[in-house]
Amino acid sequence: MKFSTSSYLVGAVAAASFSTCSQGAAEAFAPSSHDLSSLHSTRNSHRSTRSVSARKLAENNFISGRQNENPLSSSATMPTIFEPHIVILGGGFGGINTALSLPSLPWANNDDCIIRPKITLIDKSERFVFLPLLYELCVEDASLEEVAPTFASLLEGSGTSRDGGNNERGGLSLLPRGLPVLTDLMRSFQTLSSRNDEELGKDKEKQVEIEEVTFVRGQVEGIDVNNQQVVVSTLGERKEGEINTIDYDALVISTGGEISLDAIPGASKYALPFYTVDQCFELKRRLSLFDNYLDEKMKKATDASKESVVVVGGGYSGVELALNLVDRLNASSQSKDVEVTLVHRGKQVLQYATEHNRKSGLDRLKGAGVNVMTSTSVEEVLPWEGEDRISGSLTSNALNKKKCIVKLSSSTETETNEKGETFSIPATLLLWTAGATPTSEKNTGIRNSILPRDVMGRILTSPTLNVKEHPNIFAIGDCSRPKKVPYAATAQVAMQQATVASWNVYATLTNKYIPTSSNHPNPVELLPFNFINLGEMMTLGSNDATISSLNGLVEIGGPAASWLRRWIYAVRMPTARQGLTAALDGTGRKMARSLVDRGLNRKYDSSTVGETKRRGKPVDWK
C-alpha cells in the first residue's frame, strides 16, 4: 500500500485530540488481570507462525456434520496465520490510546495470510489516571471512577468480534474518544490496502477477530532487546515480586517521564509528588491536617505568623495546583493564615503555554498573592528545627513530621546560569510537580536496556517514533525524544503520538509477515509524527479556567471556561462509556460545588471557629 499524504493523517487525527497537558477495587463486572506466569508459559505461541492443517480442518468438518467432505481434495489454499505479540509498557495517555487503537486497524485477513495480534498492556497501577483532573479528585469535585477508572474496565470489550467490530463493546466503536476521526480514516485506509481493499468495509466476515487486550499489573525491571523480551515483576497478585519474562514482536514504550527526587538531598523524605491516585489521597489527608492545625492555632491565639505551602515546578501542573490551593485554603494576599510559594528553575512559568494562557495564569497568580520565584532551584530539603507552635497536639505532631526547610539557590542572568544567592524558606507543606529529572539509579525500569537515551533518560527515536537500531520498538510520550528539541510533556502530544505509533506498529508487522511480491507490490508506509498544537486548557481555581485554541482564534476565560473545560475532558476520555461517566458525574459535582460556594463560602474570623472556613470537604478517613 502506498500512502503519500502522511502529513494529512497526523493533522486529521491530531485535530481530534484537544487536551491540556497535563484505590478502590475494580468494578464487579470488569475482567480480572492476567497472571504473568500464564503469559510466560504461553509466550512461544504469541510469536508463532501457524498453518491450518488438513487434519484440523477435517476435525472441524466432522464437528460441523460434513464428514463426507475430503479437505485434501479441496483446491483452496489455506492461509498462514500469524499471531504477533504486541506489548505496551505504561498505561498513561499514550499507552491506553495505543492499546485501544490497535485492535481496530485493518489487519490482514485474506486467502494467503491472516495476522491476528495479541496485545498486552503492562502498568504498575491498576488504574489509568486522567492527570488534568487529579486535583478535582483531591477536593471531591470529581469521582474516582471519572478520574481514575481501572484498566480492566477501560479494556473490557476492546477486541473485535465477528460482526465486524461495530458492536457496542468492540472494534471500531471502542476507538479512543480522543481520536473521533480515526474510524473514518481507517475506512479510507481500507480502500488503499491491496490486501483488504473493500473487503473489510463490505464483507464483515473478513474482519480479523482479535482477542480483548490483556492487562497485566507489574513493574518493568528491564528490556532484553536482543532476545525481544520484557522482564517484569508481578504486582498485586498472590505471586507478588515474582520475576517473569514476556516475549514481544513489537514493543511500545509509554512509561512517562521519570519523576526522581533522590537527586536532591532530603526531597524524597519531605516532598509530596502529585502524579498518582495514592499521592492525591495523601494530599487530601495532609490538607485535612492543615485545616485542623490552623483551627487549633487560631483557638490558642498563638503567634500570627503565616504557614507556608511551597509548590516546586512552574509548569501547567504547578500553576494549577498553586492556584487551587489558594482557593482551598483561602490563602489570598489578605489572608493571615497561609502563604503559597511557587518555585520554578526556569526564567518564566508556563514556558510552553500560549501567550493568552500564560498571561491569564500570571495575572491570576499575582491577584491571588502567590509568591512566584523564577530562576530558582531547590538545592536541599532539611528537617524543620523551629519551635512547635502548638505543642502536644496530635494534629501538630502528624503535620510536623513533614515540615521542613527548603534550601534554594537563584541563577544569575548569564549564559552559564551560574548559581547566585542561596537562601532558605520554611514549608509546612512541600509539593513537587517539577518535570523529569535524572535519577541516580541508572539501571532501573526501561533504563535497564541498551536502548539509546539522552541525558534525561528519554529514549531517542526516529520521526516515525521507532528506535533506529530496533525498528520494532517504539517510544511515545514523555519518555521519548523523536527530535532535537523535545516536545512538551503534555497529554496532547502523547495522544497524537499514540495514533501514529499504532499505525506504524501495524505497518511494521504487516511488512514483516507479507513480503513484497507481485501480489503485494507496495509495502505499508510508516508515517512520521508531526505535532499540531490544537490549544490548551488550564484551571486557575475552583471556578476559573482559561482556554486557548486555533492559534488564538478561540480564547475563553472565567467560569464559562471552567465549565467548558470539564465537558471537553469528558469527550477526551479513552472510551465512550468513560466519557459518559465523566460528563454526568462531573456536571453534577460542579453544580453542587457552585451551590455550596454561594451559600457557605464565608470569610474566616474568630467568631466562625469550628464552622466552615475553607473551601473543600472534610476528608473521609476510611
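Novice: Just checking my understanding: could you explain the nonpolar core for this structure?
Specialist: The nonpolar side chains of a soluble globular protein tend to be buried, and buried together. Membership of the largest hydrophobic core comes to 99 residues, with the highest contact counts inside it found for W107 and L283. Here the element with the most residues in this core is helix α16 (residues 491-513); it accounts for 12 residues. Excluding residues that lie within four positions of it along the chain, L283 makes contacts with C138, L272, F274, L321, L429 and L431. Grouped together as the second largest cluster of nonpolar side chains are 20 residues, V87, I223, V225 and L251 included.

Novice: Just checking my understanding: could you explain the sheet that holds strand β17 (residues 429-432) for this structure?
Specialist: What links the strands of a sheet is backbone hydrogen bonding, and the strands pair in either a parallel or an antiparallel sense. Sheet architecture is open: five strands sit in the order β10-β17-β11-β12-β13, paired in parallel fashion. On the outer flanks of this sheet lie β10 (272-273) and β13 (371-373), each paired with one strand and no other.

Novice: Got a minute to help me understand the pattern of salt bridges in this structure?
Specialist: When the charged atoms of two side chains with opposite charge come close together, those side chains can pair. Scanning all chains against the criterion turns up 18 salt bridges. We note a salt bridge from R286 to E282, for which the minimum N-O separation is 2.8 Å. On the criterion of helical spacing, the pair formed by R286 and E282 is a turn pair, its members being four residues apart in helix α12 (residues 277-299). By relative accessible area, which is 6% here, R286 ends up buried. When the shortest N-O distance is used, the salt bridge between R364 and D544 registers 3.3 Å. Of this pair, R364 sits in helix α14 (residues 355-368) while D544 is found in strand β23 (residues 544-549), placing the two residues 180 residues apart along the sequence.

Novice: How should I be thinking about the side chain of S502 in this particular structure?
Specialist: Checked against the element boundaries, S502 lands in helix α16. On the basis of relative accessible area, S502 is assigned to the buried category, the value being 2%. If we skip the residues at most four places from it in the chain, S502 touches T98, S101, L102 and L105.

Novice: Explanation requested: the sheet that holds β23 in the structure shown.
Specialist: Pairing is antiparallel in the open sheet, where three strands are placed in the order β22-β23-β24. Looking at the sheet topology across the chains shown, the edges are occupied by β22 (535-541) and β24 (554-558). Within this sheet the neighbouring strands show an average axis-to-axis angle of 5°, counted without direction. Taken together, the five bridges between β23 and β24 define a ladder with antiparallel strand orientation. Residue pairing across strands places T546 opposite G557, the latter belonging to β24.

Novice: I'm lost on the packing of helix α5 (residues 93-101) against α16 in this one. Help?
Specialist: If you want to describe how two helices pack, look at the angle between their axes and the distance between the axes. Between α5 and α16, the shortest axis-to-axis distance is 8 Å and the interhelical angle comes to 30°. It follows from the interaxial angle that α5 and α16 lie roughly parallel. In the crossing of α5 with α16, the sense of the turn from one axis to the other is right-handed. On the side of α5, the interface is formed by F93, G94, N97, T98 and S101, while α16 contributes A491, A494, M495, A498 and S502. For the contact of α5 with α16, the class distribution of residues is five nonpolar, five polar and no charged.

Novice: Just checking my understanding: could you explain the environment of K401 for this structure?
Specialist: Note on placement: K401 falls in the loop between α15 (394-400) and β15 (404-411). Taking relative accessible area as the criterion, K401 reaches 63% and is therefore assigned exposed. Through-space distance from the C-alpha of K401 to that of P383 is 8.7 Å; in sequence the pair is 18 residues apart.

Novice: Is there a simple way to think about the confidence of the model for the chain in this case?
Specialist: Low-confidence regions, as indicated by low pLDDT, have predicted coordinates that should not be scrutinised in detail. Mean pLDDT for the chain: 76, with 69% of residues reaching 70 or above. The low-confidence segment residues 1-75, where pLDDT is below 50, has 168 contacts with residues more than four positions distant or belonging to other chains. Here residues 161-205 scores under 50 on pLDDT; set against residues more than four positions off or in separate chains, the count is 120 contacts.

Novice: How should the packing of aromatic side chains be read in this particular structure?
Specialist: On inspection of all chains with the given rule, the structure shows 10 aromatic pairs. Measuring from centroid to centroid gives 5.2 Å for F130 and Y569, while their planes differ by 70°, and the two rings are edge-to-face. Placement of the pair is F130 in the loop between β5 (118-123) and α6 (134-138) and Y569 in helix α17 (residues 559-571), with a sequence separation of 439 residues. Note on F130: relative accessible area 1%, which makes it buried.

Basis of the calculations
- Residues numbered from 1 in each chain as written.
- Predicted model: local features only at pLDDT ≥ 70, side-chain atom pairs only at ≥ 80, totals over all residues.
- Heavy atoms only, no water.
- Core = buried A, V, L, I, M, F, W, Y, C linked by side-chain atoms within 4.5 Å.
- Buried < 20%, exposed > 50% of the residue type's maximum accessible area, 1.4 Å probe, protein only.
- Helix = DSSP H or I, 4+ residues; strand = E, 2+ residues; numbered from the N terminus.
- Contact = heavy atoms within 4.5 Å.
- Pairing = 2+ DSSP bridges.
- Salt bridge = Lys/Arg side-chain N within 4 Å of Asp/Glu carboxyl O.
- Axes fitted to C-alpha atoms, helices over the stretch in contact; angles between N-to-C directions.
- Parallel < 35°, antiparallel > 145°, perpendicular 65-115°, else oblique.
- Left-handed = near helix turned anticlockwise from the far one by under 90°.
- Nonpolar A, V, L, I, M, F, W, Y, C, P; charged D, E, K, R; others polar.
- pLDDT = per-residue confidence, 0-100.
- Phe/Tyr/Trp six-rings, centres within 6.5 Å; stacked < 30°, edge-to-face > 60°.

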